[in-house]
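# Remarks on the overall topology
Here is how the chains run, residue by residue.
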Amino acid sequence: MTATLPMHARAAELASAGELPAYVYDLSDLDAHMSAVRGALGDIEVHYAVKANPDPKLLQVIAPYVDGFEVASGGELTHVRTHFPDMPIALGGPGKTDAELFADVTRLHIESPSEIRRLFAAGRSAEVLLRVNLDIPISGASLAMGGGATPFGMDPAGISECLDMLAGQDAVHLRGIHAHLASGLEAPAMLELASAILDYARGLGVTEINLGGGMGVSYSDPDARFDWKTYGEGLAVLRRPGETLRIEPGRSLTVYCGRYVTRVIDVKRVHGELFAVVAGGTHHIRTPATKGHSQPMVIQEPGEPTTIVGQLCTPKDTMARHIPVNLKTGDVVEFLMAGAYAWNISHHDFLMHPKPAFRYLGG
Ligand SMILES: *Cc1c(COP(=O)(O)O)cnc(C)c1O
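Small disclaimer: the values here were computed from a predicted structure and weren't measured.

### A word on the overall build of the chain
- Assigned secondary structure in the chain consists of eleven helices and 19 strands.
- Each principal axis of the C-alpha atoms in the chain carries an extent, and together these give about 70 × 40 × 40 Å.
- Burial statistics for the chain: of 363 residues in total, 51% are counted as buried.
- Within the structure as shown, the chain displays about 15400 Å² of accessible surface, and the carbon and sulfur contribution to it stands at 53%.
- Counting 30 positive and 41 negative side-chain charges, the chain places the centres of these two groups 3 Å from one another.

Now the structure itself:
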């Protein structure tokens, strides 16, 4: 939940420049991490799931290490196209509008039989992967997108319906299968999942298989990393000659490179519990509210258990609970693992507080 690290020198600089709250992205860290991930994956293709963090400066660092970007909306598609006109793009997601379904992309991830019917009716061509929701038990996942009734992808009956429609025509070209079934799994569980997806895809006779994202990230242990080496070696064993395997991680790539740095405005005790109120809060970084966790933070000086909250008039605006840290008014507080599903998922207009600054280190 917490880490005792020396505070980044630049955080103190930002504080003295009066620029807090701020997101601080370490582009050198991101570069080193991407290089390690890429190195562990050999021939396995990687698409970055842009929805985790679409910041163009991050995408710039990521681009040379990946085979493409995975986007989940027309907005993300336009954004990526503007900054990276030549990058291969896969577009997926439920509820595509005509503009999204008919977009010119490298791969289209089909979510339902009616998407195929709409492509036919409009006389469109496309290179498609069919998104399958396999009913395989997924234990230990933090979010399940498959393994039961969910709005994501198709069950094997839906896939069969698509295959029947796709037979005997070549405008809509079946490339293979896509599956994004769970998130928060460690490498051995991800490999079991991959093996089940591959069995299914081979049964259909396709050779391009997108295994999805969802590689595990531990907010209670900021130093822990998904075991990319074991995963890459395992996939190399599973892969058969002629098969293209692709993954599309988001969180596990960008979460570590971002910090949310702010300062304490008030410290008070209410019914015995000690609270530190910081500038900003969950309207800048919604992650602890959505995940119900304590956002990991740097502990400069240990102290009495303190609950750290933001400036919003709601009890949901809690950044971290009962953290053994000594905080006083004016102290800088540095939250870790703020590089994915943080700023871009936040409700930043709620209460009309100022927006944070954005700072980039290295790169
Ligand atoms: C969100 C998403 C991802 C990325 O998931 P992470 O947990 O961030 O790795 C990949 N593929 C699809 C289809 C998604 O919806």
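### What about the site of the ligand?
- Near the ligand you find 14 residues, and of these Lys51, Gly214, Glu248, Arg251 and Tyr341 are the closest.
- Between the ligand and the protein, one listed contact pairs an oxygen atom with a backbone N or O atom of Arg251 at 2.8 Å.
- Alone, the ligand offers 390 Å² of accessible surface; in the complex the protein occludes 89% of this.
- When atom positions are compared with the pocket grids, the ligand is found to occupy the largest pocket.
- When the residues that make up the shell around the ligand are grouped by side-chain class, the tally is three nonpolar, six polar and five charged.

### Examining empty space enclosed by the protein
- Here the structure, examined in full by the defined rule, presents one cavity of 30 Å³ or more.
- The computed volume of the largest cavity comes to approximately 30 Å³.
- In terms of lining, the largest cavity is formed by Ala179, His180, Leu181, Ala182, Met190, Leu193, Ile197, Leu211 and Gly213.
- Sort the elements by how many residues they give to the lining of the largest cavity and helix H8 (residues 187-204) lands first, with three residues.
- Its residues placed into classes, the lining of the largest cavity shows seven nonpolar, two polar and no charged.

### Section: the environment of Glu233
- Following the sequence through the fold, Glu233 ends up in helix H9 (residues 228-238).
- Residue classification places Glu233 among the partly exposed residues on the basis of a relative accessible area of 43%.
- For Glu233 and Glu192, which are 41 residues apart along the polypeptide, the C-alpha to C-alpha distance reads 13 Å.

### Things to note about the pattern of salt bridges
- For the structure on display, the rule yields 17 salt bridges.
- Between Glu208 and Arg246 there is a salt bridge, with the nearest N and O atoms lying 3.0 Å from each other. Of this pair, Glu208 sits in strand E11 (residues 208-210) while Arg246 is found in strand E12 (residues 244-247), placing the two residues 38 residues apart along the sequence.
- Given the relative accessible area of 8%, Glu208 is considered buried.
- When salt bridges that share partners are traced, they join Glu45, Arg107, Glu208 and Arg246 into one network.

### Observations regarding the packing of aromatic side chains
- Under the criterion given, the structure shown has twelve aromatic pairs.
- With a centroid separation of 4.8 Å and 70° between ring planes, the pair formed by Phe226 and Trp228 is classed as edge-to-face. Across the pair, exposure class does not vary: Phe226 and Trp228 are buried alike.
- With a centroid separation of 5.4 Å and 75° between ring planes, the pair formed by Phe226 and Tyr231 is classed as edge-to-face.
- Given a relative accessible area of 1%, Tyr231 falls into the buried group.
- The rings of Tyr23, Tyr25, Tyr260, Phe335, Trp343, Phe358 and Tyr360 are connected pair by pair, giving a single aromatic cluster.
- Sitting above the plane of the Tyr360 ring, Lys57 keeps its charged end 4.7 Å from the centroid.

### Remarks on the domain arrangement of the chain
- Splitting the chain by domain gives domain 1 (2-24 + 256-361) and domain 2 (88-249).
- Taking only C-alpha atoms into account, the centre of domain 1 sits 36 Å from that of domain 2.
- Each partner contributes residues to the interface: domain 1 has ten residues there, and domain 2 has seven residues.
- Taking both partners together, domain 1 and domain 2 bury about 800 Å²; carbon and sulfur atoms supply 65% of that area.

### Comments concerning unusual backbone geometry
- Residues Leu20 and Pro21 are joined by a peptide bond in cis, for which omega reads 0°.
- Its identity is not glycine, yet His271 carries a phi of approximately 45°, on the positive side.
- With respect to the helices, strands and loops of the structure, His271 is situated in the loop between strand E13 (258-270) and strand E14 (273-278).
- A positive phi angle, close to 55°, is found at Met337, a residue other than glycine.
- Position of Met337 relative to the elements: it lies in the loop between strand E18 (332-335) and strand E19 (357-361).

### Examining the layout of surface pockets
- Computed from the structure, the largest pocket encloses a volume of approximately 680 Å³.
- Forming the boundary of the largest pocket are 31 residues, of which Lys51, Leu143, Met145, His180 and Tyr341 lie nearest the centre.
- Contributing elements (two or more residues each) for the lining of the largest pocket: helix H10 (251-254) and helix H11 (287-291).
- With three residues, the top contributor of residues to the lining of the largest pocket is H11.
- Classifying every residue of the lining of the largest pocket by side-chain character gives twelve nonpolar, 13 polar and six charged.
- Taken domain by domain, the lining of the largest pocket gets at least three of its residues from each of domain 1 (2-24 + 256-361) and domain 2 (88-249).

Parameters and conventions
- Residues numbered from 1 in each chain as written.
- Predicted model: local features only at pLDDT ≥ 70, side-chain atom pairs only at ≥ 80, totals over all residues.
- Heavy atoms only, no water.
- Helix = DSSP H or I, 4+ residues; strand = E, 2+ residues; numbered from the N terminus.
- Buried < 20%, exposed > 50% of the residue type's maximum accessible area, 1.4 Å probe, protein only.
- Areas by Shrake-Rupley, 256 points an atom, 1.4 Å probe, with all protein chains shown as cover.
- Lys, Arg positive; Asp, Glu negative; His and termini not counted.
- Charge placed at Lys NZ, Arg CZ, Asp CG, Glu CD.
- Near = heavy atom within 4 Å.
- Polar contact = N/O pair within 3.5 Å; in protein donor to acceptor, adjacent residues only side chain to side chain.
- 1 Å grid on protein atoms, 1.4 Å probe; cavity = no way out; pocket = protein on both sides within 12 Å on 5 of 7 lines; lining within 4 Å.
- Sits in = over half its atoms within 2 Å of the grid points.
- Nonpolar A, V, L, I, M, F, W, Y, C, P; charged D, E, K, R; others polar.
- Points joined across faces, edges and corners; volume = space filled by probe spheres on them.
- Salt bridge = Lys/Arg side-chain N within 4 Å of Asp/Glu carboxyl O.
- Phe/Tyr/Trp six-rings, centres within 6.5 Å; stacked < 30°, edge-to-face > 60°.
- Lys NZ or Arg CZ within 6 Å of the ring centre and 35° of its normal.
- Domains from an automatic or database assignment.
- Contact = heavy atoms within 4.5 Å.
- Buried area = accessible area lost by both parts, 1.4 Å probe.

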